[in-house]
Structures are given as structure tokens and as C-alpha cells.
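Remarks on the overall topology
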Amino acid sequence: LPNGSRVRATFPFAGVIDGFLTFDRLEFFLFPLYVRSERDGRTTWHWLFPCFSYSESDDGVAWRAWPLVGHDVREERYDRWFFLWPIFQFQRNERRLGPEKEELSWTIFPLFGRTEQGTFHSTTVLWPFFGYSEDPASGFRSLDLPWPLVSFQDPGTSGRAHRDAAYMLLPN
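In this text the structure is predicted, and so the values were computed from the model without any measurement. Here, residues in each chain are numbered from 1, in the same order as that chain's written sequence. Confidence filtering applies because this is a predicted model: local features only for residues at pLDDT of at least 70, side-chain atom pairs given and counted only at 80 or more, and all residues used for totals across whole chains, interfaces and linings. The side-chain numbers reported here are obtained from all heavy atoms of the structure, hydrogens and water having been left aside.

1. A few points about the side chain of E102
The topology assignment puts E102 in the loop between β10 (88-93) and β11 (103-108). Take E102: its relative accessible area is 17%, and that puts it in the buried class. Only 3.2 Å separates the side chain of E102 from the side chain of R92, close enough to count as a polar contact. The helix count covers DSSP runs of H or I at least four residues long, the strand count covers runs of E at least two residues long, and both are numbered beginning at the N terminus. Throughout this description, buried means an accessible area under 20% of the type-specific maximum (1.4 Å probe, protein chains only), exposed means over 50%, and partly exposed covers the range between. Two N or O atoms count as a polar contact when they lie within 3.5 Å, although within protein this holds only if one can serve as hydrogen donor and the other as acceptor, and sequence-adjacent residues are included solely when both atoms are side-chain atoms.

This is how it looks when you write it as C-alpha cells:
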């Protein structure tokens, strides 16, 4: 290959591929029975891809028995869980910023979702149709009833765009 990487593979039987798409290295045997991938210092082992996996890196581990349950944690970055994917999800993001600035998000898809980060909070009901977001510190507020037909946004001092939209669906 032009970039000097090597391919030694007979897909789906067995193989090793260096520099494929976003992966540093892929190894597989009787795909999807077994796959091992390396990307950006993280190694992941898959069995019956994509159902079962385990990942390791210097800053965290991840595992999943998809779609039943999974957990992915990276120190100072995030801690993410799912149960019965995509229905139940819980995330703590931007952990390096400390408890007052980290993002906390949870979802019971598509019925209800909540996100909080600092003074900002957002709630969605029957995603993506109904939602309310606000940040009292900047004066930002956003309301969707139901999106995209009725949507209002007051940027406050946040620098976001001002938006007022109400589309009427009337018969001819």
C-alpha cells in the first residue's frame, strides 16, 4: 500500500490489516467470531462482533454485552453506561473540569432525557419533538413545542443565535 502498511487477510476467514480506515491495526479470525482492534492506544477484543467486547487503554477500560449492558470509562474524560441500548443511557462527561462543570446526562429513549452542566440544564420529552433548555448564568433559553414546527430561542449573553419559528400547517 502507498502508506507502507501491510495487508495479510482473506476476509472473512483470517487476517491482519495495518492502517485500515481509522484503525491502527485490525486482526480477525472467522469474522464476526473474533476481532481485535487497536486505535489511538486502545485495544479492543470483540467476540461475536459487535455483541461482546472488552477494551483497555492507559486511561480506562470498557466492556459490553450489547444490547443488554455496557460500560465505558476514561479517566478525566467520561464514564458512560447503557442498559437495553438505546433505551437507558447514563453519562458523566468532561470529568476533568470537576464536579461543578462536568456534564451529567441520562436518557430513557425516546420518552425523557435530562442534561446538566454547571448552570445549564436541558430536558427533552418524546425526543426530538419537545424540549426546554436554559442557562440562568447567561440568560440562554430554548423551547421546542413541537420541534421543528414551533421553536423559540433567546440567546441571552451566550452568543448563540436568536430564533423564533412557528410554522402553521393549514389545509388549502
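2. Examining the packing of aromatic side chains
Two aromatic rings, drawn from Phe, Tyr or Trp (for Trp, its six-membered ring), form a pair once their centres lie within 6.5 Å of each other, and the interplanar angle then sorts them: stacked below 30 degrees, edge-to-face above 60, tilted otherwise. Enumeration over the complete set of coordinates arrives at 10 aromatic pairs. Taking 5.9 Å as the distance between ring centres and 85° as the angle between the ring planes, the aromatic pair formed by W63 and W81 counts as edge-to-face. Taken together, the residues span a long stretch of sequence, with W63 in strand β7 (residues 60-65) and W81 in strand β9 (residues 78-83) at a distance of 18 residues. Relative to F83, the ring of W81 lies with its centre 5.7 Å away and its plane at 10°, an arrangement referred to as stacked. When its relative accessible area of 29% is taken as the criterion, W81 is described as partly exposed. Lysine NZ or arginine CZ positioned within 6 Å of the ring centre and within 35 degrees of the ring normal marks a charge as sitting over the ring. The ring of F23 has R39 lying over it, and the distance from NZ or CZ to the ring centre is 4.2 Å. In this structure, R80 packs its charged tip against the face of Y78, placed 3.8 Å from the ring centre.

3. Things to note about the environment of A165
Among the structural elements, A165 can be located in strand β17 (residues 163-166). Spatially, the C-alpha atom of A165 lies 48 Å from that of L26, the residues being 139 residues apart in sequence. Contact criterion: two residues are considered in contact whenever any of their non-hydrogen atoms come within 4.5 Å of each other. Once residues within four sequence positions are removed from consideration, A165 is found in contact with L149, V150 and S151.

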